[in-house]
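Reading the structure
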Amino acid sequence: MTQLKLVAELKGHEDRVWQVSWDPSGTRLASCSGDKSARVWSAISGANFFTSTDMEVDGSRGNLASTWQCLDVIDNAHKRTVRSVAFEPTRGRAIATASFDGTTAIWEKTDESADSYECVATLEGHENEAKCVAWAPSGQLLATCGRDKSVWIWESTGEGDFDCISVLMEHAQDVKMVLWHPKQELLASFSYDDTIRIWKEDDDDWVSASTISGHTSTVWAGAFSPEGKYLASVSDDRTVRVWMQNAVQENGSEEGFYYRPDTSYKCVAVVPDSVHSRAIYSVSWCASVAGEQSADTDLGFLATGSGDNSVRILSVSRKESATAADLDVALVCTQENAHGLSDINCVQWNPKYPGWLATSGDDGVIRIWHLEL
C-alpha cells in the first residue's frame, strides 16, 4: 500500500513555517518563518540519509529530531515575516529570502567550507509585502512578487549585485507565487485574481505572453513537471488543474515541419474539489520514485498541502488508449493531520532523491517524509 512514512522532524522556528527549499544536491534544506528568520538544515549523515538501504525509516517519534541538524539561523536582515526562501539552483551557494517588510535579501556563504551565511544584497522596490522569490535555472535571473500586484525580474551582475530589468503589473490582485520553467526562459505567476500568467522576454523587456484561466478563486501555487511540458496549479477553489504547453507547427525548410513549444497552455486534467476540503496552498511535482519501473505513460507524482491539515499524493500518467493530451491523475495516498491541526503551507519534493518530501506548517515544524510504494 502506498504511504508516507515520517522520517524526521526539524524544530527550532518560533512561529509558522511558510516555505521550505531544497538545495541542488538535495542534502540541505532552507526554511523561513513568521519569526522573521530563515534556517538552513542538513541531514547529519549527508546523502547517506537518503540512500542507506538499512536505515529504519519509520523510527520512533522520540528519535525523529536526531538525524538532522540546524546549520545556521539567518535572522538579521528582515523586520517582518520571512514569507519565501529559495536556494540558488546551480551550486546552492546563495539563498534568497523575501519578506513582508517588502524586501528581498541575498545571502551567500561566508566561506566555501563554512555553514554560515551573510547578507550581500538587499533588493527593494515592492510597495509592501513580498510574497515569493524564485531563481531561474541559470541562477542569473531572480523573480519576486508581492501584494502590490507586481512581478519584478532581477538580473545578477556579479559580486552579489542585482539590477531590476523589468516590473510587470498586469495582474489585477495580489501575486502569490512566481515559478520559472525548468527548461525554457519562461516565468509563471499565480494570483489572487484567479489567473496564471506566463511571461517571456521580448526585445530586451519582459511581457505577458499568455493568461491561463480556469480556476474560480485564488491560485495559490504551481509546479512544472520535471521536463516542463506540464504545469500543475492549486487554488482556493480546492481543485488541482494540470495544463499542457501547446506546440506550434513550423516549416523547417529542408527538414520539413517541426513543432516548437508555445507559451499558451490548455487544461488536460482536473482533480475535483472533493480531494481536499479546504484551500490548497502548495503543490510539488516529482519524477517516478527511484527503483520503480517507469513506463512511458508514467509522469510521476504530485504532492499537495492544504488548509484541511492534510497532504495528498497523486499519481500522474498518460492514458494509453488516448492522445498525449489526456492524463489520469489519481489519489494514491492521504496523510491526514500531517502537522497536527495546523495548515500545510508548503510541500516540496527532493530534487535529487525522488520519493523524499519536505513539508511545513503553521505548527512551526518541518517534517521529512518518505513515499513507500
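Everything discussed here concerns the structure shown above.
Within the protein chain one finds one helix and 29 strands. Buried positions account for 55% of the 373 residues belonging to the protein chain. Nonlocal contacts in the protein chain, meaning residues at least 24 apart in sequence, comprise 54% of its contacts between residues at least 6 apart.

A few words now on the state of the cysteines. Tallied over the entire structure, the rule returns zero disulfides. Between Cys145, a free cysteine, and Cys132, which holds the nearest cysteine sulfur, the sulfur-to-sulfur gap is 4.9 Å. Residue classification places Cys145 among the buried residues on the basis of a relative accessible area of 0%.

This brings us to a negative patch on the surface. A cluster of acidic residues, Glu155, Glu159, Asp161, Asp163, Glu185, Glu201, Asp202, Asp203, Asp204 and Asp205, forms a negative patch on the protein surface. Those elements that provide at least two residues to the negative patch are β13 (161–168) and β16 (196–202). If you trace the backbone, Glu201 turns up in strand β16. Here Glu201 falls in the partly exposed class, since its relative accessible area comes to 40%.

With that out of the way, let us pick up the environment of Glu118. Here Glu118 lies in strand β9 (residues 117–123). For Glu118, a relative accessible area of 41% corresponds to the partly exposed category. Residues Glu118 and Glu108, 10 residues apart in the sequence, show an inter-C-alpha distance of 5.6 Å. Those residues within four positions of Glu118 in sequence are excluded, and the remaining contacts are Ile106, Trp107, Glu108 and Thr110.

Hydrogen bonding along the main chain pairs the strands of a sheet, whether they run parallel or antiparallel. Strand order across the open sheet formed by four strands is β22-β23-β24-β25, with antiparallel pairing between neighbours. Edge positions in the sheet fall to β22 (280–286) and β25 (327–335), since each of these pairs with one other strand and no more. Recorded for the sheet is a direction-independent mean angle of 25° between the axes of neighbouring strands. Two elements, strand β23 (residues 298–306) and strand β24 (residues 311–318), share six bridges in a ladder whose sense is antiparallel. Directly across from Phe301, in β24, lies its bridge partner Ser315.

Counting residues in each nonpolar core, the largest one holds 48 residues, and the members touching the most others are Trp180, Leu231, Val242, Trp285 and Leu302. In terms of residues, this core owes the most to one element, strand β14 (residues 175–180), which gives five residues. By size, the runner-up hydrophobic cluster in this structure holds 18 residues, among which are Leu10, Val17, Trp22 and Leu29.

We now examine the pattern of salt bridges. Counted according to the given criterion, the structure contains 12 salt bridges. Across the pair Arg147 and Glu129 runs a salt bridge, and its minimum N-O distance is 3.7 Å. Placement of Arg147 in the loop between β11 (141–146) and β12 (151–158) and of Glu129 in the loop between β9 and β10 (130–135) is noted, with a sequence separation of 18 residues between them. If you follow the salt bridges from partner to partner, you end up with Glu9, Lys11, Asp363 and Arg367 in one network.

With phi around 75°, Lys149 is a residue other than glycine that occupies positive phi space. Counting through the fold element by element, Lys149 comes out in the loop between β11 and β12. The backbone phi angle of Asn309 is positive, close to 75°, even though this residue is not glycine. What makes Asn309 buried here is its relative accessible area of 14%.

Here we take up the sheet that holds strand β28 (residues 356–361). Strands sit in the order β1-β29-β28-β27 across an open sheet of four strands; the sheet is antiparallel. Every interior strand has two partners, whereas the edge strands, β1 (3–10) and β27 (344–349), have only one. Averaged over all adjacent pairs, the angle separating strand axes in this sheet is 25°, with direction ignored.

Attention now goes to the side chain of Ser33. Looking at the element boundaries, Ser33 is found in strand β3 (residues 28–33). Given the relative accessible area of 0%, Ser33 is considered buried. Excluding anything up to four places from it in sequence, Ser33 contacts His13, Asp15, Arg16, Val17, Trp18, Thr81 and Val82.

Burial of strand β6 (residues 82–87) is extensive: six of the six residues sit out of reach of the surface. The hairpin formed by β6 and strand β7 (residues 94–99) contains six residues between the paired strands, and Gly92 there has a positive phi angle of roughly 75°.

Within this structure, the stated rule accounts for 14 aromatic pairs. Taking 6.2 Å as the distance between ring centres and 65° as the angle between the ring planes, the aromatic pair formed by Trp22 and Trp68 counts as edge-to-face. Of this pair, Trp22 sits in strand β2 (residues 17–22) while Trp68 sits in strand β5 (residues 68–74), placing them 46 residues apart in sequence. Taking 4.9 Å as the distance between ring centres and 10° as the angle between the ring planes, the aromatic pair formed by Phe50 and Tyr353 counts as stacked. Placement of Phe50 in helix α1 (residues 48–51) and of Tyr353 in the loop between β27 and β28 is noted, with a sequence separation of 303 residues between them. Neither residue differs from the other here; Phe50 and Tyr353 are each classed as buried. Here the aromatic cluster, defined as three or more aromatic residues joined through ring pairs, consists of Trp22, Phe49, Phe50, Trp68, Tyr353 and Trp356.

Procedures and definitions
- Residues numbered from 1 in each chain as written.
- Predicted model: local features only at pLDDT ≥ 70, side-chain atom pairs only at ≥ 80, totals over all residues.
- Heavy atoms only, no water.
- Helix = DSSP H or I, 4+ residues; strand = E, 2+ residues; numbered from the N terminus.
- Buried < 20%, exposed > 50% of the residue type's maximum accessible area, 1.4 Å probe, protein only.
- Contact = heavy atoms within 4.5 Å.
- Disulfide = S-S within 2.5 Å.
- Patch = residues over 30% accessible without salt bridge, like charges linked within 9 Å, V, L, I, M, F, W, Y side chains within 5 Å.
- Areas by Shrake-Rupley, 256 points an atom, 1.4 Å probe, with all protein chains shown as cover.
- Salt bridge = Lys/Arg side-chain N within 4 Å of Asp/Glu carboxyl O.
- Lys, Arg positive; Asp, Glu negative; His and termini not counted.
- Charge placed at Lys NZ, Arg CZ, Asp CG, Glu CD.
- Pairing = 2+ DSSP bridges.
- Axes fitted to C-alpha atoms, helices over the stretch in contact; angles between N-to-C directions.
- Core = buried A, V, L, I, M, F, W, Y, C linked by side-chain atoms within 4.5 Å.
- Phe/Tyr/Trp six-rings, centres within 6.5 Å; stacked < 30°, edge-to-face > 60°.

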